[in-house]
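Now for the letters of each chain:
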Amino acid sequence: GAESARRPGVTVDSSKAKTSLEALKISLRQLRWKEFPFGRRLPCDIYWHGVSFHDNNIFSGQVNKFPGMMETVRKITLSRAMRTMQDLFPLEYNFYPRSWILPEELPLFVAEVRMMKDRNPSWKPTFIVKPDGGCQGDGIYLIKDPSDIRLTGSIQSRPAVVQEYICKPLLVDKLKFDIRLYVLLKSLEPLEIYIAKDGLSRFCTEPYQEPTLKNLHQVFMHLTNYSLNIHSGNFIHSASVNTGSKRTFSSILCRLSSRGADVKKLWSDIISLVIKTIIALTPELKVYYQSDIPAGKPGPTCFQILGFDILLMKNLKPILLEVNANPSMRIEHEQELSPGVFENVPSPVDEEVKVAVIRDTLRLVDPQKKKRKDTHLSFHTHLLIFPTQVQSLHAGIAGMKDKQHKHHSLKLSLKLKFYLKLGSCQSLEQAPEGSEELPEAALPSLCLKQVFPKYAKQFSYLRLVDRVAALFIRFLGVKGTTKLGPTGFRTFIRNCKLSNSNFSMAAVDILYIDITRRWNSMGIDHKESGMCLQAFVEAFFCLAQKKYKSLPLHDQVASLIELCECRLAALRGKRLVWGCG
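Residues numbered from 1 in each chain as written. Predicted model: local features only at pLDDT ≥ 70, side-chain atom pairs only at ≥ 80, totals over all residues. Heavy atoms only, no water.

*Asks:* A description of the packing of helix α14 (residues 464-474) against helix α17 (residues 533-547) should follow, citing residues and the corresponding values.
*Replies:* Here α14 crosses α17 at 110°, and the two axes come no closer than 10 Å. With respect to α17, the axis of α14 lies roughly perpendicular. Of the residues in α17, those touching α14 at V465, V468, A469, L471 and F472 are L533, F536, V537 and F540. A class-by-class count of the residues in the contact of α14 with α17 yields nine nonpolar, no polar and no charged. (Axes fitted to C-alpha atoms, helices over the stretch in contact; angles between N-to-C directions. Helix = DSSP H or I, 4+ residues; strand = E, 2+ residues; numbered from the N terminus. Parallel < 35°, antiparallel > 145°, perpendicular 65-115°, else oblique. Contact = heavy atoms within 4.5 Å. Nonpolar A, V, L, I, M, F, W, Y, C, P; charged D, E, K, R; others polar.)

Quick look at the structure:
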């Protein structure tokens, strides 16, 4: 009991925390955990990084970034992942706008828009162009026609995504707004997802009008980015969560509820959007994860807070705009006191939402939670046996009156004092004496709600690409790589018995070369040669379509996955038998 009371608290290395530092510090003070702002020679339980998994060399503990997350949620990679899911499940993934990738899909974009206009002459679309590596609204602009794309400068060096612009958003106070929701990816395997019960609503600063050639360039009307609108003269900093240019999402929900909107259905749709998006991202993440932290190699476990940017349409349908690997966790804003002189001013809205998200993320990943539960269980067991122990000790002491047993009597008396002290504790939730940590009961209820695996049964059928990624990883061969070589691809075909008289190994090689060459020409990743996961998925879909011609695509892919898994399981069984023999 005394040893558990002296147990050191959770240690957190915040030396790389950057802009989230102030919110992290408040969270750690509330939890009474030990912060190391300049790092520590000894390992820490948790490492809090501001930007990337690679901010430090870490071999143990937990780090708040996944390897490859920044690359996976970039606009182009996200659009490709969502398109793959839209090909498989068009109705389930209709919450992501139709997208084209520039420059390689510019001719396709021009052709498809022309075809749609020919079919429906009254269709007058607007498109939004977003640079792949852009953030905080940098480089975003609206166009009415594909010919308006700005090809000045090198679009090759700065690729972009062009999407259909949502012309009929939900307005509040005549202003367009979006929602920043915080999502915790607690674990990849098994998949574990939490959503914060509150988020931020970021408002434009000019009344909204549908896009026309005259107002296309009015960024304060069309773009909800906080980093843009803060420079508007109409931006309102407010201490209230219900007013101003940045409000809590819960305040918007209250307003919608008062108008008779079905807020429960809206939340259900948002949860569905988040789970489906994470399912689309996990295959790529797993490839990066096995590359950076191969099985059997020392390394940390990972978790990450993501920022989901969501727009509500007039009919309250949520639309995914983008996913941020490093959402801002700043809880203050700059205020200009005089020309060129700024000071940081606290933002009550940001603090209310962001501190709770960071604090409760730490509570969920608390590495000592299990130990604490075990200690409480042991403590509870002692309380159960306490009356019996006291009775037997009293009887033992009474039977040792003579000098010969004086030493044993003293030892039993000390034991009796210990049990009496133990019994005087009022509550299991009470922190043991000497402990610096705040007991769980003294903290607010968690602001993060688990949505997966809670709703896993409803969404498990969507995880087809996850299973394709598992096949890809199995045949990678060399640990630490993210690309499949020609030998690995041939081994996959051979072991799954996918070649036949109509599809020879020579045809297999041609398929590999054609798809790999095309993907490598897109400039995705030149660090290593070979077939990336997205190229393998395309090849797999091609094989599925050849083998099961009469089925819809998702059934073709599901059938080929089951065939491959079955044949690999049979091969594994044979090898086990041969090994025993």
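*Asks:* Describe in detail empty space enclosed by the protein, supporting the description with residues and values.
*Replies:* Applying the stated criterion across every chain yields a total of one cavity of 30 Å³ or more. In this structure, the largest cavity encloses a volume near 40 Å³. Looking at the largest cavity, the residues that line it are K75, L78, S79, Y96, K130, V161, Q163, L321 and E322. Contributing elements (two or more residues each) for the lining of the largest cavity: α4 (75-88), β8 (160-164) and β16 (318-324). For the lining of the largest cavity, the element with the most residues is α4, which contributes three residues. Grouping the constituent residues of the lining of the largest cavity by class yields four nonpolar, two polar and three charged. (1 Å grid on protein atoms, 1.4 Å probe; cavity = no way out; pocket = protein on both sides within 12 Å on 5 of 7 lines; lining within 4 Å. Points joined across faces, edges and corners; volume = space filled by probe spheres on them.)

*Asks:* Account for the pattern of salt bridges, with residues named and values stated.
*Replies:* Across all of its chains, the model carries 25 salt bridges by this definition. Across the salt bridge formed by D309 and R202, the nearest N and O atoms sit 3.3 Å from each other. Here R202 lies in strand β12 (residues 200-203) and D309 lies in strand β15 (residues 304-312), a separation of 107 residues in the sequence. Assessed through its relative accessible area of 7%, D309 is described here as buried. Taking the relative accessible area as the measure of exposure, R202 reaches 9% and is therefore buried. Between R363 and D360 there is a salt bridge, with the nearest N and O atoms lying 2.9 Å from each other. One end of the pair is R363 and the other is D360, both in helix α10 (residues 348-365) and three residues apart, which spans about a single turn. (Salt bridge = Lys/Arg side-chain N within 4 Å of Asp/Glu carboxyl O. Buried < 20%, exposed > 50% of the residue type's maximum accessible area, 1.4 Å probe, protein only.)

Treat this as a map of the structure, not an account of what it does.
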